[in-house]
Amino acid sequence: MRQNFMKLALIPALGLLATAAFSQQAQAAKTFVYCSEASPKTFNPQLGTDGATFNASSRPVYNRLVDFERGTTKVIPSLAEKWDVSKDGKTITFHLRKNVQFHTTPYFTPTRPFNADDVLFTFNRMLKADHPYNKVSGGVYEYFTSMDMNKLIKSIDKVDDHTVKFVLTRAEAPIIANMAMDFASILSAEYGDQLLKAKKQEMMDIQPVGTGPFVWKSYRKDSEIRYEANPTYFEGKSPLDRLVFAITKDPNVRIQKLKRGECHFVAEPPPTDLKALRADSKITVMEQEGLNVAYLGINVTKPPFDKLEVRKALAHALNRQSYIDAIYLGNAVVAKNPIPPTMWSYNEKTVDDDFDIAKSKQLLTKAGFPNGFQTTLWYMPVSRPYNPNGKKMGEMMQADLAKVGIKADLQTFDWGAYLDKARAGQHQLIMMGWTGDNGDPDNFLSVLLSCEAAKNGSNYSRWCYQPFEKLIDQAKVGSDQKARTKLYQEAQIVFKSQAPWVTLAHSKAFRAMTKNVQGYKMSPLGTDAFYGVDLK
Amino acid sequence: MFRYLLKRLAEVIPTLIGITLISFALIRLIPGDPVLLMIGERGASPEVLAEMRSAYGLDKPLPVQYGVFVGNALKGDLGTSITSSRPVSEEFSERFTATLELGVVALILAILIGLPLGVLAAVKRNSLFDYSLMTTSLIGYSMPIFWWGLILILIFSVQLGWTPVAGRMDVMYDVPHWTGFYLLDVWKSTEAWPAFKSAVSHLILPAIALGTIPLATIARMTRSSMLEVLGEDYMRTARAKGLSRTRVIFLHGLRNALVPVITVIGLMAGTIVTGAVLTETIFSWPGIGLWLVDSVRQRDYPVIQSGILLIATIIIVVNLLVDLAYAWANPRLRGK
Amino acid sequence: MAVQAVNTPPLPPTTEAQAATGFKAELKEFWYFFSQNRGAVGGLVIVALFVLVAILAPLLAPYDPTLIHEGVFTQGPAWSMGGSMKHIFGTDDVGRDVFSRLIYGARISMGVGFMVVVFSLSIGTLLGLLAGYVGGWVDTVVMRAMDILMALPSILLAIVVVTILGQNLVNAVIAVGIVVIPGFVRLVRAQVMIEKNRQYVVASGSFGAGPFRQVFVNILPNCMAPVIVQGTLGFSDGILNVAALGFLGLGAKPPTAEWGTMLSDARAFIESAPWLVTLPGLCILIVVLGFNLLGDGLRDALDPRLKK
């Protein structure tokens, strides 16, 4: 009896709540939910080092002087309407867009539009040690430094409110593309001043203010980030009213959430799920050639891998096509060059080392190992777009190598230890990979294969080869793309002949979204931006 | 009693010191540091690495770092997370409430189901019900909860589609921050009822997974404790006085049987934390277990050392309270 | 030796023959109580079965557990659609026979359980004897150390230890073993505290028995009953925790067939290949249940208080 009474009392209450909820939803209009992979480390892209941080900061909240056109690596005007490069290539003048407003938020209200002071503030923070913000939040501008910008920029001068001049120490071709990278996002100098007065400088990197399409609203670590559309965005208000990042670290969970409609969009669905996703009538899968490479690094300083024959023997022993079939489920191509086919200067003429056990054995015999040898093979403990399952690949490689008499002991460590030990060169064979930052071949060949990188650790083969080094150095300073292309193509041939890696795969990149998501364009750089996306 | 308390408190201090030392040292013995992880495959020049390390105070000698950690902890400052630049204490309270909510609901489930079942089994000793309950509870007790959680997801989320797969709340509901317990916070939201339903449906599976072992333990403990009490003289006296069987069992029996059961529940704090690590991993529950495991992977030193210190303190305090309650209930033990 | 000679006669006052019959009688009594307990016998049967499977794995398994069968990735079990009798429990994502892997997994799990128990029991018993018998500051130091170990969340401690030592099965065993040690120490210490004040021990001491003899000849054997029980239960703890580490990706090196690792690899296929998730977990559950039943049975049979 009493229970029944309770039920009766609940019904009208429920009805009320339901109507309240309904009207709320009608108002809420378009909320876009993105199941993202990780929490951002900061909301200031200058300090960022990873995709999760850039997706949550530079892409929705900020703009740069120039930007990559949506879906390409073509550099287009953004906060700068146009730019001139001097004849000697050492001076770049940016002409800034007028009447661009910074976000109005509960914690900041701009009194003036974007101008040259903001550009100076942004770059001087990273460039000048005596800038009041230089040491804030750790004060390490990893991308800025690793792109060599600190040595490249001599000074930044304000010509007038809407003109800024960058003076360089030397001519360097990739600099305009660098200005479109996340770390070059433009911060508000006025917000900076306000925080400086309040002695709360670190808030600049926690509660962001930018000019971008979305206004930051709230953040709960490992749980969610909320944004609202910027009503005064200079390219027009986003069709989405709200943007929510539902931080979901487990890839399986992300897929399940997408299928159940709990989110609209996931990045990098595991290849094993693609078939089911494509078959799902409520889901669209988009794909694009990735700007990446997966490789097996061969530590050339460790015998027997100092012998070219042994390295070539490895390349012939591995049945790479079978990895593409089993691990990428066909969503990748066998790699023969260190740079992906979509990148300019990719050398079609490189001759790949085909899968040939007899030849491999022959090479091993020539090198003095007719019965093979023992070695260790490190497999990646994490899943990366360029290599979705290192463990499985390790198991397959182990089986392949056994066929030519090489007994490979599989080893791994957690990601931190893996990087640490690899950096110190403790490995013999190591699985690794790379996703490009800016579409320039230099970003692959220098970062991964230069002598400098062999010292710094990101050249995991520890391969320092002068003929190769010469070519990439020469290509870096030239500004004539044709000449650069030729040099890079030659470098790829040299690379192949010396085989410091077994080039494994260039994987496709995937995005899966519900059918009602419209207008999304994949970026070859792997970041996700939702301006221009709509829900139908 | 007071002397006993003092003695126990005196024992806690070296334990806590040991914990700070161990959590500090162990995490630094792992190869790789947070800076390397931030840079990832890219690598960086030694100068940049050195600069980044000094930004996080990692360039100081270890004894100095330890001194800073303990000194600040004594002042109530638990440091700042390297990966999120937020105070550890803030992150802890956020994460701890999530785990607490899960743990409390799991325990309530375990008690509400385990206690009556245990009593019933004791009363119907050696019956079919007793046997099957004891068998089931032993299965529950032996359960690998990382598997059990997956099976629950497989059945209720994947096959039946009744519950969401993971997380704490549908992100469509913007729940204001109030107590940190979503089951309470939702009532301050504009869409209270649907948000509450969402919170419950997210909570139910992890709570079952986490509650299974405590439930089995409580059922078994209640049964054996109840059996002992049922054999006592005063129970027979009470029956002889003409009180009804049910009344005797629940009024006199249960009350006395509860003491060891409550002790066991109190001692479950540690079990719950361990269980939480696995449960939270499976259900992506943003609690303390997942937080610590992630921090180990990311070498977020301040989070790990302070997080472990806090958790250990909580476990020690709970155990101490249980011991005190026990000593209070059994005066004979106090002398020892 | 001399000490021993002096000490042989007095206590306990039984001749060897009597002792033998006494032991036999005890064993008989133990078996009587043990076999009364259906659960315990069931546990014994389960454990014996898995031990047998572990020993005979190469004979029972139809295939090498690491053999990759080309072209049969994630094939369903024999009774499902698309299954075949060639792989009665189907194949995993790399094309290995699940049945063979489960069988070899028994080998790993039993071995792991055994190693964890040996590791933690030997260290734990030694520390417990030391703390209980010597007492004083030694006791304090040992017990504080155990308090510290117990206050740390055990799985987290195991994770950290494995991450430091490097990821393989032996290190997983060490990590889990360390976590289990305090249970043994506390148990043995408590027993020693009781036993060392017993008349026969005190008397033996007054006859000049050295500490070594006191501890290992007089005291230890009388502490064994609860240690055996705890050891049996330690098996289930060990198996469960190593599997948990495997599940978190910190267990055996590939391509070793370890149940927890198999489960972890199968997570991605929870929808498309649920048997890959179900079967290894079921194996873990059954083995752990077996040891728990056995342990409970042993406790009941060895604990004199309950023999009513």
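Worth saying up front: this structure is predicted, and the values here are computed from it rather than measured.

Criteria and cut-off values
- Residues numbered from 1 in each chain as written.
- Chains lettered and ligands numbered in written order.
- Predicted model: local features only at pLDDT ≥ 70, side-chain atom pairs only at ≥ 80, totals over all residues.
- Heavy atoms only, no water.
- Helix = DSSP H or I, 4+ residues; strand = E, 2+ residues; numbered from the N terminus.
- Buried < 20%, exposed > 50% of the residue type's maximum accessible area, 1.4 Å probe, protein only.
- Contact = heavy atoms within 4.5 Å.
- Areas by Shrake-Rupley, 256 points an atom, 1.4 Å probe, with all protein chains shown as cover.
- Lys, Arg positive; Asp, Glu negative; His and termini not counted.
- Charge placed at Lys NZ, Arg CZ, Asp CG, Glu CD.
- Expected span 1.5 Å × (residues − 1).
- Phe/Tyr/Trp six-rings, centres within 6.5 Å; stacked < 30°, edge-to-face > 60°.
- Lys NZ or Arg CZ within 6 Å of the ring centre and 35° of its normal.
- Axes fitted to C-alpha atoms, helices over the stretch in contact; angles between N-to-C directions.
- Parallel < 35°, antiparallel > 145°, perpendicular 65-115°, else oblique.
- Left-handed = near helix turned anticlockwise from the far one by under 90°.
- Nonpolar A, V, L, I, M, F, W, Y, C, P; charged D, E, K, R; others polar.
- Domains from an automatic or database assignment.
- Buried area = accessible area lost by both parts, 1.4 Å probe.
- Salt bridge = Lys/Arg side-chain N within 4 Å of Asp/Glu carboxyl O.
- Polar contact = N/O pair within 3.5 Å; in protein donor to acceptor, adjacent residues only side chain to side chain.

**Some points on the overall build of chain B**
When its secondary structure is counted, chain B shows 14 helices and 0 strands. What you see in chain B, going N to C, is helices and strands ordered as α-α-α-α-α-α-α-α-α-α-α-α-α-α. The dimensions of chain B, computed from C-alpha atoms along their principal axes, are 85 × 55 × 35 Å. Per-residue burial over chain B gives 54% buried out of 336 residues. In chain B, 72% of the contacts between residues at least 6 apart in sequence involve partners at least 24 apart. Of the roughly 14600 Å² of accessible surface on chain B, a fraction of 67% belongs to carbon and sulfur atoms. When the 28 positive and 23 negative side-chain charges of chain B are each reduced to one mean point, those points stand 16 Å apart.

**So, helix 12 (residues 269-283) of chain B**
Residues and elements named next belong to chain B. Taking 1.5 Å of rise per residue, the 15 residues of helix 12 would be expected to cover 21 Å, and the 20 Å separating its terminal C-alpha atoms lies within 8% of that figure. Of all the 15 residues making up helix 12, 13 are buried; the element is thus mostly covered by neighbouring parts of the structure. One or two steps after helix 12, the chain reaches Ser-284, where phi turns positive at roughly 45°.

**Structural notes on the packing of aromatic side chains**
This model, assessed by the stated rule, comprises 54 aromatic pairs over all chains. For the pair A:Phe305 and A:Phe373, a centre-to-centre distance of 5.7 Å together with 75° between the ring planes defines the contact as edge-to-face. Here the residue A:Phe305 occupies a position in the loop between strand 13 (292-298) and helix 11 (308-317), and A:Phe373 occupies one in the loop between helix 13 (357-367) and strand 15 (374-378), the gap between them amounting to 68 residues. In this structure, A:Phe305 and A:Phe373 share a single accessibility class: buried. Taken together, the aromatic side chains of A:Phe32, A:Tyr34, A:Tyr227, A:Phe245, A:Phe265, A:Tyr520 and A:Phe530 make up a single cluster linked through ring pairs. The ring of B:Tyr301 has B:Arg28 lying over it, and the distance from NZ or CZ to the ring centre is 4.4 Å.

**A look at the packing of helix 3 (residues 38-60) of chain C against helix 11 (residues 274-302) of chain C**
Residue and element names in this part refer to chain C. Put simply, helix 3 and helix 11 touch, their axes get as near as 7 Å, and they point 135° apart. Relative to helix 11, helix 3 is oriented oblique. The handedness of the crossing between helix 3 and helix 11 is left-handed. Contacts between helix 3 and helix 11 involve Gly-39, Ala-40, Gly-43, Leu-44, Ile-46, Val-47 and Phe-50 from the first element and Cys-283, Ile-286, Val-287, Gly-290, Phe-291, Leu-293, Leu-294 and Gly-297 from the second. Among the residues forming the contact of helix 3 with helix 11, the class breakdown is 11 nonpolar, 4 polar and no charged.

**Points about the domain arrangement of chain A**
All names here are of chain A. Assigned domains of chain A: these are domain 1 (2-264 + 516-535) and domain 2 (292-508). Taken together, the contacts link 12 residues of domain 1 with 12 residues of domain 2. Taking both sides of the interface into account, the surface hidden between domain 1 and domain 2 amounts to around 850 Å²; carbon and sulfur atoms contribute 56%. The largest per-residue losses of area from domain 1 upon contact with domain 2 belong to Ala-173, Pro-174 and Leu-525, which jointly make up 43% of the total buried on that side. For the interface between domain 1 and domain 2, the tally reads 0 salt bridges. At the boundary of domain 1 and domain 2, one finds 2 residue pairs in polar contact (both at pLDDT 80 or more).

**Considering the pattern of salt bridges**
Two side chains carrying opposite charge are able to pair once their charged atoms lie near each other. Scanning all chains against the criterion turns up 57 salt bridges over all chains. When the shortest N-O distance is used, the salt bridge between A:Asp67 and A:Arg64 registers 2.7 Å. Within the structure, one salt-bridge network assembled from shared partners comprises B:Lys7, B:Arg8, B:Glu11, C:Arg144, C:Asp147 and C:Arg186.

**Description of the interface of chain B and chain A**
Taken together, the contacts link 54 residues of chain B with 52 residues of chain A. Summing the contributions of chain B and of chain A, the shared interface buries around 4500 Å²; its carbon and sulfur component is 54%. The three residues of chain B that bury the most area against chain A are B:Glu41, B:Arg42 and B:Val171, which together make up 20% of that side's buried surface. Seen at the junction of chain B and chain A, the total is 7 salt bridges. In this structure, A:Lys217 engages B:Asp174 in a salt bridge whose closest nitrogen and oxygen atoms are separated by 3.3 Å. Elements that contribute at least two residues to the side of chain B that touches chain A include exactly helix 2 (34-39), helix 3 (46-55), helix 5 (88-123), helix 7 (145-159), helix 9 (192-230) and helix 13 (288-298) of chain B. It is helix 3 of chain B that contributes the most residues to the side of chain B that touches chain A, 6 residues altogether. Grouping the amino acids of the side of chain B that touches chain A by side-chain chemistry returns 26 nonpolar, 16 polar and 12 charged.

**Examining the interface of chain C and chain A**
Listed per partner, the contact involves 17 residues of chain C and 18 residues of chain A. Counting across the chain C and chain A interface gives 6 salt bridges. With its nearest N and O atoms 2.9 Å apart, the salt bridge here joins C:Asp265 to A:Lys391. Across the contact surface, chain C and chain A share 6 residue pairs in polar contact (both at pLDDT 80 or more). By residue class, the composition of the side of chain C that touches chain A is 8 nonpolar, 3 polar and 6 charged.

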